[in-house]
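Below, each chain spelled out in residue letters.
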Amino acid sequence: MEFRILGSLEVHAGGRRLVLGPREQKVLAALLLDAGRLVTLPRLVDVVWDDDPPESAAKQARNSVSKLRQLLADDGSGPVIATDGAGYRLALGGASLDAQVFETQIAQAAAAAAAGHTGEATRLLQSALGLWRGPALAGLTGQAIEAAAAALEQQRLAVTETYCDHLLSLGCDRDAAAELGPLVASHPLREKAAAQLMLALHRDGQRAEALALYQDTRRVLADELGLDPCPELQQLHQQILTGDPALTPSRPASERSITHPAGDPPVTPPHPAGRGTRAADSPTPTVVPRQLPPAVPHFTGRSSELKALTALLDPDADTPSTVVVSVLAGTAGVGKTALAVHWAHQAAHLFPDGQLYANLHGFGPSVTPLTPAQAIRGFLDALSVSPERTPADLTAQAGLYRSLLAGKRMLVLLDNAHDADQVRPLLPGAPGCLVLITSRSQLTGLVATEGAHLHCLDVLPEHDACQLLATRLGHDRASAEPTAITELTRLCANLPLALAVTAARAAARPHIPIAALAAELGDANDRLNTLDTGDSTASVPAVLGWSHRQLTPQAAAMFRLLGIHPGPDISLPAAASLAGISREAARVALGELTRASLLTEPVPGRFAFHDLLRAYATERAQADDSPEARDAAIDRMLDHYLHTAHTATLVSSHYRRPLTLARPARGTIPEDITSASQAMAWFDADYHVLLAVIALAADSGHHVHAWQLPWAMGDYFRYLGQWRDWVVTHHSALAAAQQLGDPLALARSHDGLATAYIQLGQLEEAQAHLTQALDFCRIAGDRHGEALAHALFAELLALQKRWHEELSEASMALELYRAIGSKAGEAFGLNQVGWAHGQLGDYHEALELCQQALELHREVGSRSGAGITLHTMGYAYHHLGQHAEATDCYRRALAILHESGYRYQQAYTLADLGETLVAAAKPDEAHEAWREALAILDDLGHPDAVQVRARMHECGHAEDR
């Protein structure tokens, strides 16, 4: 009997094809995909009906299994569908499955290649690929089946590329080209296949076709992913252009045939193995990601769970058939992360391409869950993808991430996931990787659609719980009081978090009998519960309450107040202000909390809570501290961030006028920031904290902080292009300003929103907010704000190409800046008026005004202002036909803007530099400038990317012609 899934599902017995009903086909497909392994009844239901099963689904699935048993029945040597507990297991017996034959021949080919028998390996791969009759499981629908079919297809593509590698090494160039042509046409983003086809065409004398293929691949990568070809593909392109002899095969043409692989194969010249290749074919990366957290000390038990995870692996499989996804689910504190990290370290050697890790912050009282885009950005960083090469939208980012992992053996650990939607974009698309997920949710959506293996963790068995305490306390101490150890584990409900905290406190008091510790823990059932274990005498709050009592008063106070902080982490200076103590005292308290396992220090100088501990600390603060003490701590915390952010923005920007801040609350010690680089580093480290603090200020009625903090972050938003966060925070600021009825606050909030909307290209919203800003500036008598509003109106009009009106608004802004004696504002205004003159064709006037602006910028020390002005001068020189002068101005501007981190202005300058280089007959340099601009704009999600991409295509077509 033969089963075939590499094409439409077919069953052949005794020379005839068996006829199966639609439901039986899906059930059989599920059993064949996991042949030899248990397939649960719920899994069969999901495969057949996806998310909409009828009430009788389980019964119908059982009936389908019965029908299959009757169809497949033979003399006992064939396949058998056995009932196994909660599901079924298909044993093939003497029957064959084409997918298994495919894998066997691939493994044999790998062994032959490793032994140096390339010809034999090539024939085996040719035979394996010949098993395919079309798309896997063609004609069958359903999420689970389609996902499995997609994984098989990715495996086929990887094997085809390996097969073509062997063909090229044997000099069978035409055979390789014939195989690769359809593959590249249907999968144009597979850079390795494109490189193989380029090499085959070049060797076969089709140099022009090889070069044309490179241009096609380059355009598709730019259009689909916003990326350049990988360095290896670019190098091959140059080798073909220069006729590098290293690309010429050593074997004579008469011998270049798969049927004549006599002798040892020639050495294959290096060729690119781009994103989406097997690790064995790829150049060794400079850094292999090893992101696993440190190994868990004193890990005990979980032997059955460890075996279950290990059973998912096949360390001898050269070409895994699927992406393995496993979910560890259970209540908070049950030890999901500890188990995942411990097993990951044990299995790390099976994943030579690296291990990726992300804490998704899915569950917590105040920490915002990590978005898929943020997680992927972190993974791309680990995979050495620079921000400039990162696509702008999530779909393209996920595509790039999956391309980089295709064909590799990598372990991905996703910790503390919230739901299936948060995880799906982070799943690799090709076989070879294993994804291990921890979550309080069972993530049944992943189990149903992605075939994830679910492991629900319970509390530790009594033996393992006692062993954990004995390991932590010392076996001599534990063996002296075995009854007390058993009682202590009972009071901890065998919950790993409770056991760990209890052991830490007991270890700190080595001279107290364990029985006394157990009695003390048993007396703590009057404490508030954050997690009820079902036993009123043995709960996590009781353990944490006891631990809290053992702290010094200063550390206990710090612990409680940290529950007020919105997170996700806190620096030592901020913790000092929160508690109203010196930084040295804060350092001592935080150190005590860290040693007591009540706090972690994920990076030096920054401290974080386990989410249960944060919730417990919050309740302890509400129970033990007066409302006045909690309010005073919030005031100190808000003042710390406001005064530090205010100083940071004034240090890093020369044109912003300081706000009139209230004196910080007593006990607040703002951070001392004296340089622009120090300011940017502080904003980088505390960016997510500041967003959370702004939300807290808005929610708690601290209206002054709620509008002043977003104002202080304005330049940081601008430098990094964080327009969406700018809009969200400034809407909170506007609401707070409206509550205050303060015209100045309203003016600043409106002009902040206008600035963000201008950058987003939402000009109607920008104009409405600017009109309001100008009105409130006049009411408040804020002439500096009035000048800024006119300058923003000029920027808005420039985007609409209303140049005369722009000149008028810019001139009004300049007059106001001069009237109030703001040299930084005057420099800004001179440049803006100069730009307007340049747009109107008065380039000499533009240069004269910009020269004045440049001198003022240098006088006040505004580096970013000087960079913007040099851009304007480059534009004027370009239109005067003085291309060398224009290029010089643009490049000087770029050096300054790169140094200051002003990313959008860098992109704008690069785009105009490209125009000058085209005019100077330097198209290659122009395209390079545009590519750099496009990478920045795509990363920022800015609409100007459309214009730059169109310009690249326009000049590219002209160049081709």
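Because the structure is a prediction, the values reported are computed rather than measured. Residue positions are counted from 1 within each chain, in the order its sequence is given. Reporting in this predicted model follows two pLDDT cut-offs: at least 70 for local features of residues, and 80 or more for side-chain atom pairs to be given and counted; totals over whole chains, interfaces and linings ignore these cut-offs and use all residues. Water and hydrogen atoms play no part in the side-chain values, which are based on all heavy atoms of the structure.

Caption draft 1: Expanded view of the overall build of the protein. The helix and strand inventory of the protein stands at 42 helices and 15 strands. Think of it in three bands: residues with accessible area under 20% of the maximum for their type are buried, residues over 50% are exposed, and the middle band is partly exposed, with areas taken using a 1.4 Å probe on protein chains only. Burial analysis of the protein (961 residues in total) assigns 55% to the buried set. Contacts are assigned to residue pairs that have any heavy atoms within 4.5 Å of one another. Contacts in the protein between residues far apart in sequence, at least 24 positions, make up 68% of those at least 6 positions apart. Strands here mean DSSP runs of E at least two residues long; helices mean DSSP runs of H or I at least four residues long; both are numbered from the N terminus.

Caption draft 2: Focus on the packing of aromatic side chains. For Phe, Tyr and Trp, where Trp contributes only its six-membered ring, two rings pair if their centres lie within 6.5 Å, and the inter-plane angle classes them as stacked under 30 degrees, edge-to-face over 60, or tilted in between. In total, this model carries eleven aromatic pairs according to the counting rule given. Their ring planes at 50° and their centres at 5.4 Å tell us that Tyr 687 and Tyr 716 sit as a pair that is tilted. Of this pair, Tyr 687 sits in helix 28 (residues 676-699) while Tyr 716 sits in helix 30 (residues 714-720), and the two are 29 residues apart along the sequence. Each of the two residues, Tyr 687 as well as Tyr 716, counts as buried. Consider the rings of Tyr 687 and Phe 717, whose centres lie 6.2 Å apart with planes at 80°: the pair is edge-to-face. Taken together, the residues Tyr 687 in helix 28 and Phe 717 in helix 30 connect sequence positions 30 residues apart.

Caption draft 3: Broad picture of unusual backbone geometry. Between Gly 567 and Pro 568 the backbone carries a cis peptide bond, its omega angle lying at 10°. Structurally, Pro 568 is set in the loop between helix 23 (553-562) and strand 13 (570-571). In this model, Leu 137 sits at a positive phi of 50°, which is unusual for a non-glycine residue. Mapped onto the elements of the fold, Leu 137 is located in the loop between helix 5 (118-129) and helix 6 (143-169). Overall, the relative accessible area of 2% leaves Leu 137 in the buried class. A positive phi angle, close to 60°, is found at Arg 302, a residue other than glycine. Position of Arg 302 among the secondary structure elements: in the loop between helix 10 (231-242) and helix 11 (303-311). Taking the relative accessible area as the measure of exposure, Arg 302 reaches 5% and is therefore buried.

Caption draft 4: Geometry of the confidence of the model for the protein. Every residue is assigned a pLDDT by the predictor, reflecting its confidence on a scale from 0 to 100. Here the protein shows a mean pLDDT of 84. Residues at 70 or above account for 89%. Counting contacts from residues 252-286, a segment whose pLDDT is below 50, to residues more than four positions away or on other chains yields 86 contacts. Below pLDDT 50 for its whole length, residues 524-539 participates in 40 contacts with residues either more than four positions away or in separate chains.

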